[in-house]
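# Analysis of the macromolecular model
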Amino acid sequence: MLPQTLFFIFRVMQDVKRIRENPESFDKAMESRNFRPVAAEIIDLDAKRREVIARLQQTQSRRNEIASAIGAAKKNGEDAAALEREAVEIKQAIPQLEKEEAAFAEKLNELLASIPNIPLANVPVGRDETANVCVRKVGEPPKFDFQPKPHYEIGEALGMIDFADAVKISGSRFTILRSQVAKLERALKDFMLDVHTKEFGYEEIGVPFLVNSECMFGTGQLPKFAADSFQTTDGRWLIPTAEVSLTNMVRDMIIPAAKLPIRMAAYSACFRSEAGAAGRDNRGMIRNHQFSKVELVSVVHPKKGEEELERMTKAAETILKKLGLAYRVMLLSTGDMGFSAEKTYDLEVWIPSENTYREISSCSLCGQFQARRMAARYKDESEKGFVSTLNGSGLAIGRTIVAILENYQLANGKVTIPEVLIPYMNGVKELG
RNA sequence: GGACAGAUGGUCGAGCGGUUUAAGGCGCCGGUCUUGAAAACCGGAGAGGGGGAAACUCCUCCGCGAGUUCGAAUCUCGCUCUGUCCGCCA
């Protein structure tokens, strides 16, 4: 399942050095992520591997020496038979040593590839979402003098969201948008990209929605989370987020330090199998197999990671503010963060029908975790190293539609269009 | 999908079994010269890893993966990608 296993073999070794130096704190970090302690296992495999490498290289060195000696002898017309006999003898050991080395390397890399990123020190430690910390609340949830309806009732009553036909076409967890709500999706996409490109300096990128396995490994979906994504019959993957396409643009690159930071924004459809989500959010368009999203990705100097995370989160928040939606910012706990993240803010938008906040954006600092898997490096005269990568939704469009329908619904079943979107809706001020 | 051609360092490009520790040009960095610059001349410069306190030393990498050989950028096989032409197609 690992794409080109040896492809990343040496990149992660730097990790091992750190683990070797401080196994206790590494295991502690693993525990905080609900992962088993693996430091001892790693250190052992690494030691064995290096021992084999030492022997292998000695043998190779001797082989090269003899080969040159034979070349020199032949050139001078001397007899090389004795040397050739020795060469045959010596080289017999090499394939065996190579096999041993490869076996240890594969085990080690398989293990390393399955280990989640280490949380930053300022991330709250906890098993799950109950340990998340609310950083701030922004905006006031709207007051209704009637019982606010859920988005699927509003959309269906308007004849603008169609779940029944979606089942016929594709199955459950798909949604068909019609007329002004379909238009709303397009308006949101344009609006979000405009804000991010004009106000925050992101470059707009049009990305492929199908990617190869190396990409999925680079951003951390593979090898552990293959079941969460869809794979095509020719071995490609439908992106679960444009983060995959965007972040992998710097894969296998050595970027001049002066070119950092790199900021990219892309719209994409996102595809998720939602394996394991059976029964959750079955109604409506909260949890679909396919949804629209505008994604932000930053590639920065490793020292600028946290600063960039604040900036990116602010960019995503700006969308919610401009749309006039109430939200809160949650700092995720160690147990609730994604595999590749070392610090994550979730933006949760107010959903009136549920009388609660629901996730609409997730902004994560991945540090050098993805960069190491991708061999994404930077360099200038004085220093070099792996870059830091960040990604954040800015925002999930499907859920933004949900939030607008619910927060801007009127007693008569119509829905007001937020001021900033009216130009993007060709002047339409109201749905219905 | 079919046919042919190709893949070499930042880039262009030589090499087609043994001084290749990858020629040479361009670009880049440092120096000499110059008031400064250019030109000219001299020098430097890839990535990853092992050992070592260090000086240093060794290994791997010429698209990727196998193979032949004492020795592979060079020969063989498979794959991927790129180009050109044909077919199909939004």
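Procedures and definitions
Residues numbered from 1 in each chain as written. Chains lettered and ligands numbered in written order. Predicted model: local features only at pLDDT ≥ 70, side-chain atom pairs only at ≥ 80, totals over all residues. Heavy atoms only, no water. Helix = DSSP H or I, 4+ residues; strand = E, 2+ residues; numbered from the N terminus. Buried < 20%, exposed > 50% of the residue type's maximum accessible area, 1.4 Å probe, protein only. Areas by Shrake-Rupley, 256 points an atom, 1.4 Å probe, with all protein chains shown as cover. Lys, Arg positive; Asp, Glu negative; His and termini not counted. Charge placed at Lys NZ, Arg CZ, Asp CG, Glu CD. Core = buried A, V, L, I, M, F, W, Y, C linked by side-chain atoms within 4.5 Å. Contact = heavy atoms within 4.5 Å. Expected span 1.5 Å × (residues − 1). Salt bridge = Lys/Arg side-chain N within 4 Å of Asp/Glu carboxyl O. Polar contact = N/O pair within 3.5 Å; in protein donor to acceptor, adjacent residues only side chain to side chain. Domains from an automatic or database assignment. Phe/Tyr/Trp six-rings, centres within 6.5 Å; stacked < 30°, edge-to-face > 60°. Pairing = 2+ DSSP bridges. Axes fitted to C-alpha atoms, helices over the stretch in contact; angles between N-to-C directions. Parallel < 35°, antiparallel > 145°, perpendicular 65-115°, else oblique. Left-handed = near helix turned anticlockwise from the far one by under 90°. Nonpolar A, V, L, I, M, F, W, Y, C, P; charged D, E, K, R; others polar. 1 Å grid on protein atoms, 1.4 Å probe; cavity = no way out; pocket = protein on both sides within 12 Å on 5 of 7 lines; lining within 4 Å. Points joined across faces, edges and corners; volume = space filled by probe spheres on them.

Helix and strand counts for chain A come out as 13 helices and 17 strands. Dimensions of chain A along its principal axes, counting C-alpha atoms only, are 100 × 45 × 40 Å. The buried share of chain A, taken over its 432 residues, is 51%. Accessible area for chain A stands at about 20300 Å²; split by element, carbon and sulfur atoms hold 50% of it. Charged side chains of chain A number 58 positive and 59 negative; the gap between the two group centres comes to 2 Å.

To continue, consider the nonpolar core. In this structure, L188 and I401 are the most contacted members of the largest nonpolar core, which totals 55 residues. The greatest single-element share of this core, amounting to nine residues, is contributed by helix α8 (residues 179–200). With residues near it in sequence (within four places) discarded, I401 still touches L177, V181, L184, E185, L188 and M285.

Owing to its 3.6 residues per turn, the α-helix aligns residues three or four sequence positions apart on the same side. Along its 19 residues, helix α11 (residues 305–323) runs 28 Å from first to last C-alpha, staying within 8% of the 27 Å computed at 1.5 Å per residue. Buried within α11 are the following residues: G305, E308, L309, M312, T313, A315, A316, E317, T318, I319, L320 and L323. Backbone geometry just downstream of α11 places G324 in the positive-phi region, at approximately 70 degrees.

Attention now moves to the pattern of salt bridges. Using the criterion set out here, one finds 25 salt bridges in the structure. Among the salt bridges present, the one from D46 reaches R50, with a minimum N-O distance of 3.1 Å. With D46 and R50 both in helix α3 (residues 39–75), this residue pair falls four residues apart, about one helical turn. With relative accessibility at 38%, the residue R50 sits in the partly exposed group.

Within the secondary structure, N117 is located in the loop between α5 (93–113) and β1 (133–138). Within the structure, N117 has its side chain in polar contact with the backbone oxygen of C366 (distance 2.9 Å). Among all residues touching N117, those that are not within four sequence positions of it are R33, F339, S340, A341, E342, C366 and F369.

With that settled, the discussion passes to the domain arrangement of chain A. As far as domains go, chain A holds domain 1 (4–113) and domain 2 (129–431). For domain 1 versus domain 2, the distance between C-alpha centres works out to 42 Å.

Each aromatic ring pair is described using two quantities: the centre-to-centre distance and the angle formed by the ring planes. Under the criterion given, the structure shown has five aromatic pairs. An angle of 70 degrees between the planes, with centres 5.3 Å apart, marks the rings of F144 and F146 as edge-to-face. Assessed through its relative accessible area of 23%, F144 is described here as partly exposed. Residue F146 is classed as partly exposed on the basis of its relative accessible area, which comes to 23%. Ring geometry for W350 and Y357: centres 5.0 Å apart, planes at 75 degrees, overall edge-to-face.

Strands sit in the order β1-β10-β11-β12-β15-β9-β8-β4 across an open sheet of eight strands; the sheet is mixed. Strands at the two margins of the open sheet, each flanked by one partner only, are β1 and β4 (203–206). Across the sheet, the axes of successive neighbouring strands diverge by a mean angle of 25 degrees, strand direction being ignored. Pairing of β4 with strand β8 (residues 262–271), which is carried by four bridges, proceeds in the parallel orientation. What sits directly across from E203, in β8, is M264.

Looking now at α3. The first and last C-alpha atoms of α3 sit 53 Å apart over 37 residues, in line with the 54 Å expected at 1.5 Å per residue. Turning to α3, its buried residues number three or more, namely A39, I42, L45, D46, R49, V52, I53, L56, T59, I66, I70 and A73.

We now examine the packing of α3 against α5. Packing of α3 against α5 leaves a shortest axis separation of 9 Å and a crossing angle of 155 degrees. Accordingly, the angle class assigned to the pair α3 and α5 is roughly antiparallel. At the point where α3 passes α5, the crossing takes the left-handed sense. In the contact of α3 with α5, the residues fall into 13 nonpolar, two polar and 10 charged.

All right, on to unusual backbone geometry then. Residue P223 follows L222 across a cis peptide bond; omega there is 5 degrees. Look at the link from G394 to L395: it is a cis peptide, with omega at 5 degrees. Inspection of the secondary structure assignment puts L395 in strand β15 (residues 388–396). One non-glycine residue with positive phi stands out, namely N426, at about 55 degrees.

Every regular strand shows the same layout, with side chains that alternate between the two sheet faces. Counting buried positions along strand β9 (residues 290–300) yields 10 of 11 residues, so the element is predominantly enclosed. Two strands pair when backbone bridges link them, and β8 and β9 are joined in this way by 10 bridges, in the antiparallel orientation. Among the inter-strand pairings, A269 is bridged to a residue of β9, identified as S292. The sheet contact formed by β9 and β15 spans seven bridges and is antiparallel. Its bridge partner lying in β15, L296 is registered against G392.

Here we come to the pairing of β15. The element β15 is extensively covered by neighbouring structure, given that nine of its nine residues are classed as buried. Alignment of strand β12 (residues 356–367) against β15, held across four bridges, turns out to be antiparallel. When the sheet's bridge partners are listed, C363 is paired in β15 with G392.

For the rest of this paragraph, the subject is the layout of surface pockets. Empty space within the second largest pocket amounts to approximately 760 Å³. Lining the second largest pocket are 37 residues, and of these R18, F26, N117, I118 and P119 sit closest to its centre. At the level of secondary structure, the elements contributing two or more residues to the lining of the second largest pocket comprise α1 (13–21), α2 (23–32), α5, α11, β12 and α12 (369–374). A per-element tally of the lining of the second largest pocket places α2 first, with seven residues. Partitioned by chemical class, the residues of the lining of the second largest pocket number 20 nonpolar, nine polar and eight charged. Summarising the domain contributions, the lining of the second largest pocket has at least three residues from each of domain 1 (4–113) and domain 2 (129–431).

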